[in-house]
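Structural features, examined
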Amino acid sequence: MMDYYYYYFFLTLLSLSTVTFFLFRTTTGRKNRLPPGNVGLPLIGETLQLISAYKTENPEPFIDSRVARYGSLFTTHVFGERTVFCTDPETNRFILQNEGRLFESSYPGSIFNLVGKHSLLFMRGPLHRRMHSLTMSFANSTIIKDHLLVDIDRLVRLNLHSWTGRILLLEEAKKITFELTLKQLLSIDPCEWTENLRKMYMRVIEGFFSIPIPIFSVTYRRALQARRRVAEALSLVVKERRKEREMGMKKNDMLAALFDSDGGGGGGVGFSDDEIVDFLVSLLVAGYDTTSTTMTLAVKFLTDTPVALAHLKEEHDEIRTKKVASVTLEWEDYKSMPFTQCVINETLRVSNIIGGVFRRAMTDVDIKGYTIPRGSKVFTSLRAVHLDQDNFKDARVFNPWRWQKTSDSTNFMPFGGGPRRCPGYELARVALSVFLHHLVTRFSWEPAEEDKLVFFPTTRTQKRYPIILQHRSNVAETM
Ligand code: HEM
Ligand SMILES: *[C@@H]1O[C@H](CO)[C@@H](O)[C@H](O)[C@H]1NC(C)=O
Ligand SMILES: *[C@@H]1O[C@H](CO)[C@@H](O)[C@H](O)[C@H]1NC(C)=O
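The shown structure was predicted, so the numbers you read here are calculated from the model rather than taken from an experiment.

**Here's the deal with the site of ligand 1**
Surrounding ligand 1, one finds 25 residues, the nearest of these being Ala-286, Gly-287, Gly-416, Cys-422 and Gly-424. Only α7 (125-139), α13 (273-304) and α19 (425-442) provide two or more residues apiece to the shell around ligand 1. If you tally residues by element for the shell around ligand 1, the top one is α13, at seven residues. Both domains that furnish three or more residues to the shell around ligand 1 are identified here as domain 1 (1-97 + 353-386) and domain 2 (98-352 + 387-471).

**Quick notes on the site of ligand 2**
Close to ligand 2 lie Ser-137, Asn-140, Ser-141, Thr-142 and Ile-143. A total of three residues in the shell around ligand 2 trace back to one element, the largest contributor, which is helix α8 (residues 141-161). Residues that form the shell around ligand 2 fall into these classes: one nonpolar, four polar and no charged.

**Section: the confidence of the model for the chain**
In this model, the chain carries an average pLDDT of 89, and 90% of its residues clear a pLDDT of 70 or more. Confidence scores differ between elements of the chain, with helix α1 (residues 8-14) showing the lowest mean pLDDT of 41 and strand β4 (residues 166-168) the highest of 98. Across residues 1-30, confidence stays below pLDDT 50; counting only partners more than four residues off in sequence or on other chains, it has 56 contacts.

**Remarks on the nonpolar core**
Membership of the largest hydrophobic core comes to 79 residues, with the highest contact counts inside it found for Ile-152, Leu-280, Ala-298, Ala-431 and Phe-435. Not counting residues up to four positions away in its chain, the partners in contact with Ala-431 are Ile-152, Thr-177, Leu-180 and Thr-291. Phe-85, Ile-353, Ile-354 and Val-357 belong to the second-largest nonpolar core, a separate cluster that totals 30 residues.

**Observations regarding the packing of α13 against helix α16 (residues 338-351)**
Remark: α13 packs on α16, axes separated minimally by 10 Å, with the N-to-C direction vectors making an angle of 100 degrees. In terms of orientation, α13 and α16 fall into the roughly perpendicular class. Within the contact between the two elements, α13 uses Thr-294, Leu-297, Ala-298, Phe-301 and Leu-302 and α16 uses Val-343, Ile-344, Thr-347, Leu-348, Val-350 and Ser-351. Looking at side-chain class alone, the contact of α13 with α16 contains eight nonpolar, three polar and no charged residues.

**Some points on the pairing of strand β12 (residues 466-471)**
With three bridges joining them, β4 and β12 adopt antiparallel strand pairing. Across the sheet, residue Ile-167 finds its bridge partner in β12, namely Ile-467. Pairing analysis gives five bridges linking strand β9 (residues 443-447) to β12, with the strands arranged antiparallel. Residue pairing in the sheet places Glu-446 in a bridge with Ile-468 of β12.

**Thoughts on the sheet that holds β9**
A sheet is described by the order of its strands in space; here three strands give the open sequence β4-β12-β9, paired in antiparallel fashion. Of all the strands in the sheet, the pair left with one neighbour each is β4 and β9. In this sheet, adjacent strand axes meet at a mean angle of 40 degrees when their direction is disregarded. Sheet contacts for helix α9 (residues 169-186): β4 and β12; angle to β4, the most-contacted strand, approximately 65 degrees.

**Some details on the environment of Arg-82**
Its place among the elements puts Arg-82 in strand β2 (residues 81-86). Residues Arg-82 and Ser-376, 294 residues apart in the sequence, show an inter-C-alpha distance of 7.2 Å.

**Topic: the packing of α13 against α19**
Packed helices, taken two at a time, are described by the angle between their axes plus the distance between the axes. Packing of α13 against α19 leaves a shortest axis separation of 10 Å and a crossing angle of 40 degrees. Classed by the angle they form, the pair α13 and α19 counts as oblique. Our pair here, α13 against α19, has a crossing hand that is right-handed. Here α13 contributes Thr-290, Thr-291, Thr-294, Met-295 and Ala-298 to the contact with α19, which in turn contributes Ala-428, Ala-431, Leu-432, Phe-435 and Leu-436. In terms of residue class, the contact of α13 with α19 is made up of seven nonpolar, three polar and no charged.

The rules we used
- Here the residue index of a chain counts from 1 through its sequence in written order.
- Lettering of chains starts at A and numbering of ligands starts at 1, both following the order in which they are written.
- The model is predicted, so local features are restricted to residues of pLDDT at least 70 and side-chain atom pairs to those at 80 or more, both for listing and for counting; the totals for chains, interfaces and linings are taken over all residues.
- Being near a molecule or strand means, for a residue, that its C-beta atom, positioned from the backbone, comes within 6 Å of it.
- Only DSSP runs of H or I reaching four residues or more are called helices, and only runs of E reaching two or more are called strands; each is numbered from the N terminus.
- The domain limits used here are those given by an automatic or database domain assignment.
- Following the grouping adopted for this structure description, the nonpolar residues are Ala, Val, Leu, Ile, Met, Phe, Trp, Tyr, Cys and Pro, the charged ones are Asp, Glu, Lys and Arg, and the polar ones are all others, Gly among them.
- pLDDT expresses how confident the predictor is about each individual residue, on a scale running from 0 to 100.
- Residue pairs qualify as contacts under a 7 Å threshold applied to their C-beta atoms, which are placed from the backbone.
- A set of buried residues drawn from Ala, Val, Leu, Ile, Met, Phe, Trp, Tyr and Cys, joined through C-beta atoms within 7 Å, is what defines a nonpolar core.
- Three classes are used. A residue is buried when 20 or more other C-beta atoms lie within 10 Å of its own, exposed when 12 or fewer do, and partly exposed in between, with C-beta atoms placed from the backbone.
- The axes are straight lines fitted to the C-alpha atoms, using for helices just the contacting stretch, and the angles between their N-to-C directions are given from 0 to 180°.
- These descriptions rest on fixed angle ranges, namely under 35 degrees for roughly parallel, over 145 for roughly antiparallel, 65 to 115 for roughly perpendicular, and the rest for oblique.
- Only when DSSP finds a minimum of two bridges between them are two strands counted as paired.
- Handedness of a crossing follows from how the near helix is turned relative to the far one, being left-handed for an anticlockwise turn of less than a right angle and right-handed for a clockwise one.

Right, here's the structure in full:
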């Protein structure tokens, strides 16, 4: 994921870049051409231009200007490595769909250390396929409808119940998504233990954006320590649950599915506790920042677009009026939020929490008259596709109504594509919908301060979006 790459630059600056710089010189001489571009200064390439663009509210010129000069496929040199940027939907789809054949996902070593080697992110081949589909089948619409929705609804309401006055929306949203994920993975309800785990866990995340060399970076060292403590805490839970399971107690969650799965080696051995812990950590990583930031940005875009917010409120007030008897949202309610789905799509399109994904060419690949040499780093920019006027009219404007007109989503890939497409896409949508429902039916709000979007080192708002809440008087206070 793009964000995780920013700090990696420092490490690779010292080693890899010198090598790739010379590699580049030899390959350009051949008949097969690399996509055109500028690799910038020796060693640092165009990294500083990229960072300074992504630190502003409008990072688009970095890609726009290169597309204008070189076309939709161009070569640059960022974070210590020559990288081919792909910005058109067909090429991106081609790359993502050829995962494991022509391209494979590529993360820096520090992520490997912090997430753990037995995580879905690093699995490949048949094991990846099997575990990806296991993850899907724990988060697919049937499971959400029959099991997860009740808890999502309850935990969202529980959190919103304590909100009052001024809050930092991003922080609160993070708390919600962490609690949701722990419930879904391990059937653990929010308590002091979960809040302590979250604090440790936030240190691990901080490590993603530090210089990944322990002797240089206190943050990275602390992150590794926190990673160990998170793993210890989780492995206690796993041990306990194994015991319960041997005594015949069965829960309905991800951990149970992992116990039942026959493990990496085949032959019915099952996963070890360490493997299970890594797997759990990676799911926590993948769902936490992404969903909570999307929640926050949806609220920001709505606040900045009052007509859309009014329309959304109407939709949810109507659901409330029909549901006099029960406060709990049901699947049918979720299915009767058409405008909410437009808002969610539009938020995903405009904000692009995962701006793109990195791949590495497994062999020489011919694309659009160019050759991407084996071993090259490739960046499929989802953001560039979503914000291209050719794919979406007035692409840089938040306009949820556009989704009422188009049902064609071929150019829309906020969750990636191919074998590594996000297995949490439906879960994220449902969590967002339930969150928006309870937020707009209970509260009105206004921004407490001017806040703005930034994209480096991650996509978020600078001040974590402080807002001042007011209870809506017409709605009965319900837990
Ligand atoms: C708005 C929220 C979310 C967005 C925008 C998002 C986006 C993405 C994207 C673009 C990828 C593809 C990465 C790649 O191709 O290399 C991905 C992968 C993944 N996502 Fe999500 N995601 C979200 C929420 C979630 C949630 C809630 C979960 C929890 C189950 C989750 C779990 C994962 C996992 C495990 C992967 C790795 C899949 C693999 O490598 O096979 N995501 N996500
Ligand atoms: C979801 O997964 C379950 C198994 O966990 C399966 O029985 C069900 O058919 C799947 N539903 C969908 C819509 O794929
Ligand atoms: C939102 O996007 C998805 C693709 O991710 C698409 O299937 C769905 O139809 C879109 N929803 C609306 C309301 O357009």
